[in-house]
Amino acid sequence: MSHRDLASPFDELKPVTRSPLEFQGFVPEERLKDYYLKGYYQPQTIAQFLQESLSKYADQPAAIGLTHQSQGEGSGSQEQKWTYKQLAAQAELAAQRLQSLGARKGDRVLLQLPNCLEFLSYMVGSFQLGLVPVFCLPKHRERELEHFARQVDPAIHIFAQGAENCDYWSLYRAYSQRMLAANLRPPLALDITEPGQGLEPQAGLPGCPDAEETADKCAKPWESVALFQLSGGTTGRSKMIPRTHMDYLYSVRESAHICQLSPQTKMLVVLPAAHNFTMSSPGILGVLYSGGTLIMAGDPSPQTAFGLIQRHGATMASLVPALARAWALLAERGGLSFPSLELVQVGGAKFSPSAARHLVEVLGVKLQQVFGMAEGLVNYTRLDDPLEIVLTTQGRPISPDDEILILDDQDKILPAGQAGHLLTRGPYTIGAYYREEKANRESFTDQGFYRTGDLVVAHPSGHLEVVGRAKDQINRAGEKISVDEIEDFALQLPAVQDAVAVGLPDPDVGERICLVLLAGDLKAFGPSPLDYVRRAYRQAGFATYKLPERVELLSQFPLTKVGKISRKELRERIGKIISSPQ
Ligand code: AMP
Ligand code: DBH
């Protein structure tokens, strides 16, 4: 079946009413006024912000990377260099393709592209059309995509067939058909590797008049939702994080200043481009704002990254701790040095002081620790902080108006220097997830503080040190996995009476998912319970990084005094099983 076969049933369905581009109201009027007065917010959309750079730096190099678009006869990926002017022209072409599929201002689009040049042209083109991108990861699979599509009702799903060895058409078909069966209109597909697709106007496609209307009615468009980031969240499935133009751009501009970006900056983009860290801290948007160059790494291997740094003289890179450790080890073993590399940012998960010291010594670079969240708050160690602070803390907030609370289990403020739950609110932190009433009641206080689920200590200098996590989440190489999501599915497997997912400490990726099952009939799992379980998760369309990497079958679970399953004891017990000889 081709994508065109899927397009036809859409015409028979009533056009969906997309919810308007309402401002989420997550920052109350008074605080908003205060932030405006302090000059944090500019009357500018992301499209206007990008347009300024595209004009100002026209002839300077904007990006180097692979393209996936078919190049006439020879298709496949090849490295190209785009100036800002060329990026503008490519963004215009991308916008035309989106428009020819019927995309209208205010429509949401699932943007699911790898780190290639088209990521940039489709992102810029989407913003310029007034579309609202949902920053999906290339690793997301049909289960996650369907969830996003149901949550935000996108008009188009943009992907690159075959990228990262994935058949995106088959994912698209699988979730689209499920949506159609539920009488929901799935998005149209835009496969950027198909040259002509989408160029001819699609007659008879229902438009989205209400979305356009509201976008035009919006007196201050910079206050509207510009994009959706995705969160591991603290409970259940991924949450959609609505970020406004003004709040996101405030964090990007300040981040670019903190990191002293300039037209000389050449940033290696090795983490997924869509990730909030890579996009905004200061990330892709920060580099484009500063007139620098993005070097898009087509795959995350250190070998590829090292080649790109050496060939193109990268000055900066952003890594998760797992990758930072791998870089340091490989560079040490190979006796490699990277004279152009000045700054390495590490964030997304806790970076231990010893690993931090090793990185600095081996690579001879400046390190910056970044502790951020797609919900908002971002902390940086500053470039002139003493080395000890850089090695042992995860930085301090961007804004003087980032409010930090450190509370005990009863929500009481703790004396200075004590570890506790981090809550925050400020000029670029959301006050609500999109369409998540229940989760919002749990994740936000009445005063609008976000419960981060992180345990921190504040140093007298204001720097935060992350000392643990209270939320039920596993952090695998910076990818956040909700244990609820893993457990809920396990409970649907035959013979599983109860299930607990725990994060097992791991020297390479920080934590791995271990699924502990209370099983009625052990034989039901066959000779390899791990294979059985992984197959089941894969067939259900989970992203690969969410597949359990270890399965333990127990005949009973340890309980706490109040009769709840004791995750702590389970983790200890599993730790013992793993460390004892088989
Ligand atoms: P998310 O809400 O999915 O964007 O993930 C943000 C979470 O990642 C934070 O709340 C922390 O749990 C974790 N995180 C990010 N950066 C760091 C860091 N530098 N150290 C420790 N944890 C981090
Ligand atoms: O882990 C994150 O979500 C994260 C880490 C560093 C982030 O969102 C950010 C910086 O902006």
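Preceding this section is the structure that the text describes.
Residues numbered from 1 in each chain as written. Chains lettered and ligands numbered in written order. Predicted model: local features only at pLDDT ≥ 70, side-chain atom pairs only at ≥ 80, totals over all residues. Heavy atoms only, no water.

**Observations regarding the overall build of the protein chain**
Within the protein chain, the regular secondary structure consists of 19 helices and 24 strands. For the protein chain, the residues scored as buried account for 57% of the 582 residues in total. Of the contacts made within the protein chain by residues no fewer than 6 positions apart, 70% connect residues no fewer than 24 positions apart. Of the accessible surface of the protein chain, which amounts to about 23600 Å², a share of 51% is contributed by carbon and sulfur atoms. (Helix = DSSP H or I, 4+ residues; strand = E, 2+ residues; numbered from the N terminus. Buried < 20%, exposed > 50% of the residue type's maximum accessible area, 1.4 Å probe, protein only. Contact = heavy atoms within 4.5 Å. Areas by Shrake-Rupley, 256 points an atom, 1.4 Å probe, with all protein chains shown as cover.)

**Some remarks on the pattern of salt bridges**
Per the stated rule, a full pass over the model turns up 24 salt bridges. The shortest N-O distance in the salt bridge between Glu549 and Arg512 comes to 2.6 Å. Pair noted here: Glu549 is in the loop between α18 (529–539) and β24 (550–554) and Arg512 is in strand β23 (residues 510–519), with a separation of 37 residues, a long-range link. In this structure Glu549 comes out as partly exposed when scored by relative accessible area, which is 23%. (Salt bridge = Lys/Arg side-chain N within 4 Å of Asp/Glu carboxyl O.)

**Section: the site of ligand 2**
Around ligand 2 lies a shell formed by His275, Asn276, Phe277, Ser281, Gly348, Val370, Gly372, Met373, Ala374, Val378 and Lys480. Within the side chain of Ser281, an N or O atom sits 2.7 Å from an oxygen atom of ligand 2. Between an oxygen atom of ligand 2 and a main-chain N or O atom of Ala374, the distance comes to 3.3 Å. Within the complex, 95% of the 290 Å² of free accessible area of ligand 2 lies under protein. Secondary structure elements with two or more residues in the shell around ligand 2: α10 (276–280) and β13 (366–373). Looking at which element gives the most residues to the shell around ligand 2, the answer is β13, with three residues. Its residues assigned to classes, the shell around ligand 2 comprises five nonpolar, five polar and one charged. (Near = heavy atom within 4 Å. Polar contact = N/O pair within 3.5 Å; in protein donor to acceptor, adjacent residues only side chain to side chain. Nonpolar A, V, L, I, M, F, W, Y, C, P; charged D, E, K, R; others polar.)

**Examining the sheet that holds strand β17 (residues 420–425)**
With respect to topology, four strands assemble into an open sheet ordered β16-β17-β18-β19, the strand pairing being antiparallel. The open sheet is flanked by β16 (403–407) and β19 (464–469), the only strands paired with a single partner. Across the sheet, the axes of successive neighbouring strands diverge by a mean angle of 50°, strand direction being ignored. Strand direction decides the pairing type here: β17 and strand β18 (residues 450–458), joined by four bridges, are antiparallel. Its bridge partner being in β18, Gly420 is matched across the sheet by Val456. (Pairing = 2+ DSSP bridges. Axes fitted to C-alpha atoms, helices over the stretch in contact; angles between N-to-C directions.)

**Details of the site of ligand 1**
Taken together, 18 residues sit near ligand 1, with Val370, Ala374, Glu375, Asp454 and Lys480 positioned nearest. Within the backbone of Ala374, an N or O atom sits 2.9 Å from an oxygen atom of ligand 1. Alone, ligand 1 offers 500 Å² of accessible surface; in the complex the protein occludes 94% of this. Counting only elements with at least two residues in the shell around ligand 1, the list comes to β13 and β18. Considering every element that reaches the shell around ligand 1, the biggest residue donor is β13, with four residues. Of the residues that constitute the shell around ligand 1, the class distribution is six nonpolar, seven polar and five charged.

**What to know about the sheet that holds β23**
Spatial ordering of the open sheet is given by β22-β23-β24, a layout of three strands whose pairing is mixed. Each end of this open sheet is capped by a strand with a single partner; those strands are β22 (496–506) and β24. Neighbour-to-neighbour, the strand axes of the sheet open up by a mean angle of 25°, direction not taken into account. By the bridge criterion, ten bridges tie β22 to β23 in an arrangement that is antiparallel. Considered in β23, the bridge of Asp498 is made with Leu518.

**Some remarks on the packing of aromatic side chains**
One pass over the structure, following the stated rule, counts 23 aromatic pairs. For the ring pair Phe159 and Tyr168, a centre distance of 6.0 Å and an interplane angle of 25° mean the geometry is stacked. Per residue, the accessibility class of Phe159 equals that of Tyr168, and both read buried. Taken together, a centroid distance of 5.7 Å and an interplanar angle of 90° make the contact between Tyr172 and Tyr175 edge-to-face. Taken as a pair, Tyr172 and Tyr175 lie in helix α7 (residues 168–181) at a separation of three residues, close to a single helical turn. Judged by relative accessible area, which is 1%, Tyr172 ranks as buried. Judged by its relative accessible area of 0%, Tyr175 is buried. Members of the aromatic cluster, connected to one another through ring pairs, are Tyr35, Tyr36, Tyr40, Tyr41, Tyr250 and Tyr428. (Phe/Tyr/Trp six-rings, centres within 6.5 Å; stacked < 30°, edge-to-face > 60°.)

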